[in-house]
Amino acid sequence: MSKFLVPILALIVLVPATIHGQTLSPFVEAGALAESSSGGTVDGLGAHVELGIFVSPTWWIGVRADAIKRRYNDARWSAHSLIVGTTRPTAYERIAVEMSGGFGALRSKEWGPIDHEKAVTFAVGPVVTISRHIAIVPQLRGFITFPDHDAPGALATFAVGMRWRR
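A brief structural summary.

What counts, and at which threshold
- Residues numbered from 1 in each chain as written.
- Predicted model: local features only at pLDDT ≥ 70, side-chain atom pairs only at ≥ 80, totals over all residues.
- Heavy atoms only, no water.
- Core = buried A, V, L, I, M, F, W, Y, C linked by side-chain atoms within 4.5 Å.
- Buried < 20%, exposed > 50% of the residue type's maximum accessible area, 1.4 Å probe, protein only.
- Helix = DSSP H or I, 4+ residues; strand = E, 2+ residues; numbered from the N terminus.
- Contact = heavy atoms within 4.5 Å.
- Pairing = 2+ DSSP bridges.

With nine residues, the main nonpolar core is built from Leu33, Ile68, Trp77, Ala79, Leu106, Ala119, Phe143, Leu155 and Ala159. Breaking this core down by element, the ones donating at least two residues are strand E6 (76–89) and strand E10 (153–165). When residues no more than four places from it in sequence are discounted, the contact partners of Ala79 are Arg64, Ala65, Asp66, Ala105, Leu106 and Phe143.

Right, dumping it as C-alpha cells:
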C-alpha cells in the first residue's frame, strides 16, 4: 500500500489544486531524529521526512518516514506512517501548536532477523514560523508497536525539522 501512497502524495504536493474554492497547501519537512531511553540518554540518532498537504487552514494529512541507528550493536529501526494532524495558532503570531496521530508499520533489527510490526504514532510540539514558507518544527514523538508474538512496545523520540510550505 505504501508504494502507491507515496507517489500519490508526491503528486499532490507538486500539483496545485483547489477544492470548494480553497487552495490546498502542500508541505515537505525533513530533519533530525533522536531516540531516548527511560534514563534520559540518547540511544540512537537518525532522520525523518514528511510529505503532506493542508486540507484546511488548520488540518493536514501526510505520510512520514523515520529511521534510527542505535549506538549499541547493529540495532536499527525504520517506520512509515499515514498521519492526520492539526496546527492550532496561539496568542503569539509566529508560534502554533501541532498535534498529530496516525498508523503505519515499524521495521526493526536488533540481533537476528528483521521484525515487522504494526504501529500507532503520535506527536506534539510547537511550529515556529520563520517566513511565509519556512518553519522550524520540534516535536516529541511516540510509537506504540503491536508485534504479533509479544506484548505491545513503545518508543519515544525527539524530532526537529525544517518545514517548507507552499
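Moving on: the pairing of strand E8 (residues 115–129). In summary, the side chains of a regular strand alternate between the two faces of the sheet. In this sheet, E8 lies alongside strand E7 (residues 95–109) in antiparallel orientation, the contact comprising 14 bridges. Residue Ile95 lies in a different strand from E8, and its bridge partner there is Val128. The antiparallel hairpin formed by E7 and E8 contains five residues in its connecting segment. Taken together, the nine bridges between E8 and strand E9 (residues 134–146) define a ladder with antiparallel strand orientation.

As paired elements, strand E4 (residues 42–54) and strand E5 (residues 59–70) share 11 bridges and run antiparallel to each other. Across the sheet, Gly46 pairs through a bridge with Ile68, a residue of E5. Here E4 folds back onto E5, and the loop between the two strands holds four residues. In the sheet, E5 pairs with E6 via 11 bridges, with the strands oriented antiparallel. Residue pairing across strands places Asp66 opposite Ala79, the latter belonging to E6. Turn length for the E5-E6 hairpin, with the two strands adjacent in sequence and antiparallel, is five residues, and the turn residue Asn73 shows positive phi of about 35 degrees.

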